[in-house]
Amino acid sequence: MSEQIKSIELDVRTELDGKMPVRIKEIKKWLIRNREQWEKGMSHTFEELFRMGEEKEVSYLQICFLRTSLLSCQYFYRACLYDGLYYLDQEPVWVDVDTRFVYQFFQEDIQEFKQKLERTYKHIYPNDAMRIKELCNFYYIGLMKVCVESVLPGLLKTKAYTELRKAESFKILFGEYMGKAEVIYELFYSHS
């Protein structure tokens, strides 16, 4: 890693630690005021996924951020139903989850960080700009997780979910595609 990238990363982390808690509060207020709107869209997306996957037995539902979407400025997540082979599932079922409601301020945040850094550094290279996006996205992934966890109880009661053929150790994971993911729900059937 070049010295400039290390230095930029340190500056961005410092800036993020100061600015993002305030931004997160703003976004959370927006999410509360508009909860019905974004919750309805997310619920509809997941119900569509469950109906698409009704023919297969699923072991995993993973809601994952696609890092490549940072390059295209799409900032989308993919919800995938996998069998017991997980990423090696030959026929995964998936839908893209529209997350514009969370990422509405993301580009604005990135531009602000870049402008501040341009006052300090002679030139911001494309990989520097990408690192800024990755660091800022860390906070947005946390926001998205809060949103997913808030709609999860309702999703688990839907007819589409209850009719889904789930393996005994069905799990719902949240994280990055082919990266870190954590279990946010587990199902263990009783054999008694």
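Provided above is the structure to which this section pertains.
Bear in mind that the values here come from a model prediction, so they are computed numbers and not experimental data.

Undergrad: Can you walk me through the environment of Glu134 in this structure?
TA: Positionally, Glu134 belongs in helix 6 (residues 126-155). According to the relative accessible area criterion, Glu134 is partly exposed, its value standing at 22%. Placed 69 residues apart in sequence, Glu134 and Phe65 show a C-alpha to C-alpha distance of 11 Å. Each residue touching Glu134, except ones within four places of it in the same chain, is listed here: Arg67 and Leu70. Engagement of the side chain of Glu134 in a polar contact is seen with the side chain of Arg131, the distance being 2.9 Å.

Undergrad: How do you make sense of the pairing of strand 5 (residues 181-186) when you look at a structure like this?
TA: Side-chain positions along a regular strand alternate between the two faces of the sheet. When strand 4 (residues 166-176) meets strand 5, the two strands line up antiparallel, connected through five bridges. When the sheet's bridge partners are listed, Leu173 is paired in strand 5 with Val183. Between strand 4 and strand 5, which follow one another and run antiparallel, lie four residues, and Met178 among them has a positive phi close to 55°.

Undergrad: Hey, could you run me through the packing of aromatic side chains in this one?
TA: One pair of aromatic rings is described through two measures. These are the centre distance and the angle between the planes. If you walk through the whole model with that rule in mind, you get 19 aromatic pairs. Taken together, a centroid distance of 4.6 Å and an interplanar angle of 45° make the contact between Tyr60 and Tyr86 tilted. Note that Tyr60 is positioned in strand 1 (residues 58-65) and Tyr86 in the loop between strand 2 (77-82) and strand 3 (93-97), a separation of 26 residues in sequence. Members of the aromatic cluster, connected to one another through ring pairs, are Phe65, Tyr75, Tyr77, Tyr103, Phe106, Tyr140 and Phe174. The ring of Trp94 carries Arg78 above its face, with NZ or CZ at 3.8 Å from the centroid. Seen from the ring of Tyr161, Lys166 lies directly overhead, with NZ or CZ sitting 4.2 Å from the centre.

Undergrad: Can you help me understand the packing of helix 5 (residues 106-120) against helix 6 in this one?
TA: Angle between the axes and distance between the axes are the two parameters that describe a pair of packed helices. At their nearest, the axes of helix 5 and helix 6 sit 10 Å apart, and the two run at 135° to each other. Between helix 5 and helix 6, the angle falls in the class oblique. For the pair helix 5 and helix 6, the sense of crossing is right-handed. When helix 5 is examined against helix 6, the residues Phe106, Asp109, Ile110, Phe113, Lys114 and Leu117 are found in contact with a partner set consisting of Ala129, Ile132, Lys133, Cys136, Asn137 and Tyr140. Residues of the contact of helix 5 with helix 6, tallied by class, amount to eight nonpolar, one polar and three charged.

Undergrad: Explain unusual backbone geometry here, please?
TA: Glycine aside, the phi torsion of most residues is negative, and most peptide linkages are trans. With a phi angle near 60°, Cys73 is a residue other than glycine that sits in the positive phi range. The topology assignment puts Cys73 in the loop between helix 3 (68-72) and strand 2. Of the residues examined, Cys73 reaches a relative accessible area of 34% and is grouped as partly exposed. Positive phi values are uncommon outside glycine, yet Met178 reaches one of about 55°. Among the structural elements, Met178 can be located in the loop between strand 4 and strand 5.

Undergrad: Before we go on, may I ask you to explain helix 5 in this structure?
TA: Each full turn of the α-helix corresponds to 3.6 residues, which orients residues three or four apart in the same direction. Helix length check: helix 5 (15 residues) gives 22 Å between terminal C-alpha atoms against 21 Å at 1.5 Å per residue, within 8%. Restricting attention to buried positions, one finds in helix 5 the residues Phe106, Asp109, Ile110, Phe113 and Leu117. Axial view of helix 5: buried residues confined to an arc of 95°, hence all on one face. Close packing links the buried residues of helix 5 with helix 1 (3-33), helix 3, helix 4 (100-103) and helix 6.

Undergrad: What exactly am I supposed to notice about the pattern of salt bridges here?
TA: Where side chains of opposite charge bring their charged atoms close, a pairing between them can arise. One pass over the full model with this rule turns up 22 salt bridges. A salt bridge links Arg23 to Glu26; the shortest N-O distance between them is 2.8 Å. Residue Arg23 and its partner Glu26 are both found in helix 1; the two are separated by three residues, about one turn of the helix. Across the pair Glu112 and Lys116 runs a salt bridge whose closest N-O atoms are separated by 3.7 Å.

So, how was this worked out
- Per chain, residues are indexed from 1 in the order of the written sequence.
- Side-chain atom pairs in this predicted model are given and counted only at pLDDT of 80 or more, local residue features only at pLDDT of at least 70, and totals for whole chains, interfaces and linings cover all residues.
- Note: side-chain values were computed over all heavy atoms of the structure, leaving out hydrogens and water.
- Only DSSP runs of H or I covering at least 4 residues are called helices, and only runs of E covering at least 2 are called strands; the numbering of each starts at the N terminus.
- Exposure classes here rest on a 1.4 Å probe applied to the protein chains alone. A residue is buried below 20% of its type maximum, exposed above 50%, and partly exposed in between.
- Residues count as neighbours in contact if any of their non-hydrogen atoms are within 4.5 Å of one another.
- What qualifies as a polar contact is a pair of N or O atoms within 3.5 Å, subject to a donor-acceptor requirement within protein and to the restriction that residues adjacent in sequence count only when both atoms come from side chains.
- Note: two strands are recorded as paired if DSSP finds a minimum of 2 bridges between them.
- Paired rings are identified among Phe, Tyr and Trp, the last through its six-membered ring, by centres lying within 6.5 Å, and are further divided according to the angle between planes into stacked (under 30 degrees), edge-to-face (over 60) and tilted (the rest).
- Any Lys NZ or Arg CZ that is within 6 Å of a ring centre and within 35 degrees of that ring's normal is treated as a charge sitting over the ring.
- Here an angle of 0 to 180 degrees is reported between the N-to-C directions of two axes, which are lines fitted to C-alpha atoms, with helices fitted over the stretch in contact.
- Note on terminology: angles under 35 degrees are roughly parallel, angles over 145 are roughly antiparallel, angles of 65 to 115 are roughly perpendicular, and the others are oblique.
- Here a crossing is called left-handed whenever its near helix is offset anticlockwise from the far helix by less than a right angle, and right-handed whenever the offset is clockwise.
- Polar here means any residue outside two lists: the nonpolar Ala, Val, Leu, Ile, Met, Phe, Trp, Tyr, Cys and Pro, and the charged Asp, Glu, Lys and Arg; Gly therefore counts as polar.
- The span you would expect from a helix comes to 1.5 Å times its residue count less one.
- The arc in question is the one traced by the directions running from the helix axis out to the C-beta atoms.
- Salt bridge, as applied in this entry: a Lys or Arg side-chain nitrogen positioned within 4 Å of an Asp or Glu carboxyl oxygen.

Shape descriptors only; they carry no functional weight alone.
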